[in-house]
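What follows is the residue order along each chain.
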Amino acid sequence: MKLLALIPARGGSKRIPNKNIRELGGKPLITWTIDSVRGLPELVDILVSTDSPAIAEAAVAAGALVPWLRPAELATDTATSIAVCMHALNWYEKEKGPIDGLLLLQPTSPFRTTASVRSAIELFQKHPQRSIVSFSPAESHPMWSFYLEDNNVRPFMENTKEQTRSQDLTPAYVLNGAIYLTSPNYLRQRENFIGSDTVPLIIENPKENLDIDTEWDWTLAEHTLSQQR
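Residues numbered from 1 in each chain as written. Predicted model: local features only at pLDDT ≥ 70, side-chain atom pairs only at ≥ 80, totals over all residues. Heavy atoms only, no water.

K.L.:
Quick question: what am I supposed to make of a nonpolar patch on the surface here?
P.N.:
Judged by side-chain polarity, Phe146, Leu148 and Val153 come together as a nonpolar surface patch covering roughly 320 Å² of accessible area. Mapped onto the fold, Val153 is located in strand 8 (residues 152-155). What makes Val153 exposed here is its relative accessible area of 53%. (Patch = residues over 30% accessible without salt bridge, like charges linked within 9 Å, V, L, I, M, F, W, Y side chains within 5 Å. Areas by Shrake-Rupley, 256 points an atom, 1.4 Å probe, with all protein chains shown as cover. Salt bridge = Lys/Arg side-chain N within 4 Å of Asp/Glu carboxyl O. Helix = DSSP H or I, 4+ residues; strand = E, 2+ residues; numbered from the N terminus. Buried < 20%, exposed > 50% of the residue type's maximum accessible area, 1.4 Å probe, protein only.)

Shown next, in the form of structure tokens:
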């Protein structure tokens, strides 16, 4: 099986400037993701899609392929991840030949393990016509979620009973952004990694599920590393 790992790493991070090359535990954030999959036999390449020369330099130093800088129209706040995926996928298959699957790995999930990626690949080998997407247990159950309307709180779900015990609720899961894997045909036909036939990869470890989006997330990541020393 031939899989292409794709790491999207735009340079214009606003909440955490230069996030993708900021050092975490002594190495650039993007290097954590590259290191987690380098050497997997199913991967034909680890391609980094970026508009930043600095990120490109760090990615190449870590062993990734950066054949071009991302076009400006794909480096805006409104550019979708699917558009970025299609750009990279179309280029790769034109220049390097067909692949069996595209493995999307966001660099903001630095603690994703090689074992989890292997689990995703094993699921994909069993279900090559479907998509594999990672989920984690929801920290706050939707039965206990509310929204504001005219200065009042309203439940997101009907028949909410605040006294319901957590152990009596159906387990809820959320996308954690760590792993997306599907075939080129699936992606081209649906323009989405998620469908009614998506196979979930449940990752229980809170460390792996950390998605760095804010300075507080970064603080949590640094604290996590400090506890391992």
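Okay, back to it.
K.L.:
Where do I start with the sheet that holds strand 5 (residues 101-104) in this structure?
P.N.:
Each strand in a sheet pairs with its neighbour through backbone hydrogen bonds, running either in the same direction (parallel) or in the opposite one (antiparallel). Spatially, six strands are ordered 4-1-5-9-6-10 in an open sheet, and the strand pairing comes out mixed. Of all strands in the sheet, those bounded by a partner on one side alone are strand 4 (43-49) and strand 10 (199-202). Across the sheet, the axes of successive neighbouring strands diverge by a mean angle of 30°, strand direction being ignored. Direction of pairing for strand 6 (residues 132-137) relative to strand 10: parallel, over a ladder of four bridges. The residue of strand 10 that forms the bridge with Ile132 is Val199. (Pairing = 2+ DSSP bridges. Axes fitted to C-alpha atoms, helices over the stretch in contact; angles between N-to-C directions.)

K.L.:
What is the right way to look at helix 2 (residues 53-61) in this model?
P.N.:
Side chains that are three or four residues apart share a direction in an α-helix, a result of its 3.6 residues per turn. For helix 2, the full list of buried residues reads Ile55, Ala56, Ala58 and Ala59. Buried positions in helix 2, seen along its axis, are confined to an arc of 165° and lie on one side of it. Exposed and oriented more than 90 degrees from the buried face of helix 2 are Pro53, Glu57 and Ala61. Looking at the buried side of helix 2, the elements it contacts are helix 1 (29-37) and strand 4. Directly beyond the C-terminal end of helix 2, a positive phi value near 105° is found at Gly63. (Arc of directions from axis to C-beta. Contact = heavy atoms within 4.5 Å.)

K.L.:
How should the pattern of salt bridges be read in this particular structure?
P.N.:
Side chains bearing opposite charge may pair, as long as their charged atoms lie close to each other. Taken as a whole and judged by the stated rule, the model has nine salt bridges. In this structure, the salt-bridge partner of Asp35 is Arg38, at a minimum N-O distance of 3.0 Å. By relative accessible area, Asp35 is classed as partly exposed at 27%. One network of salt bridges, in which partners are shared, links Arg10, Lys14 and Asp77.

K.L.:
Just to check I follow, could you spell out the nonpolar core for this structure?
P.N.:
The nonpolar side chains of a soluble globular protein tend to be buried, and buried together. One finds Ile34 and Ile179 to be the most contacted residues of the largest nonpolar core, which totals 29 residues. Put simply, the parts of the chain that give this core at least two residues each are strand 1 (3-8), helix 1, strand 4, helix 2, helix 4 (114-126), strand 9 (173-182) and strand 10. When residues of this core are assigned to their parent elements, the largest contribution, five residues, is made by helix 4. Setting aside its immediate chain neighbours within four residues, Ile179 contacts Leu103, Leu104, Leu105, Arg112, Ser116, Val117, Ala120, Ile132, Val133, Ser134, Leu201 and Ile203. Leu4, Leu6, Leu47 and Ile82 belong to the second-largest nonpolar core, a separate cluster that totals 18 residues. (Core = buried A, V, L, I, M, F, W, Y, C linked by side-chain atoms within 4.5 Å.)

K.L.:
What is the right way to read unusual backbone geometry from this model?
P.N.:
Outside of glycine, negative phi angles account for most residues, and trans bonds account for most peptide bonds. Located in the positive-phi region is Asn151, a residue other than glycine, with phi close to 65°. Topologically, Asn151 is positioned in the loop between strand 7 (146-149) and strand 8. On the accessibility criterion, Asn151 (77% relative accessible area) is exposed. Positive phi, close to 50°, is recorded for Glu191, a residue that is not glycine.

K.L.:
How should I be thinking about the packing of aromatic side chains in this particular structure?
P.N.:
One pair of aromatic rings is described through two measures. These are the centre distance and the angle between the planes. Taken as a whole, this structure holds five aromatic pairs when the rule is applied. Ring centres 5.6 Å apart and planes at 90° place the aromatic pair Trp32 and Phe111 in the edge-to-face group. Of the two residues, Trp32 sits in helix 1 while Phe111 sits in the loop between strand 5 and helix 4, which places them 79 residues apart along the sequence. As far as burial versus exposure is concerned, Trp32 and Phe111 are alike and both buried. For the pair Trp68 and Trp91, a centre-to-centre distance of 5.9 Å together with 80° between the ring planes defines the contact as edge-to-face. Here the residue Trp68 occupies a position in the loop between helix 2 and helix 3 (81-96), and Trp91 occupies one in helix 3, the gap between them amounting to 23 residues. (Phe/Tyr/Trp six-rings, centres within 6.5 Å; stacked < 30°, edge-to-face > 60°.)

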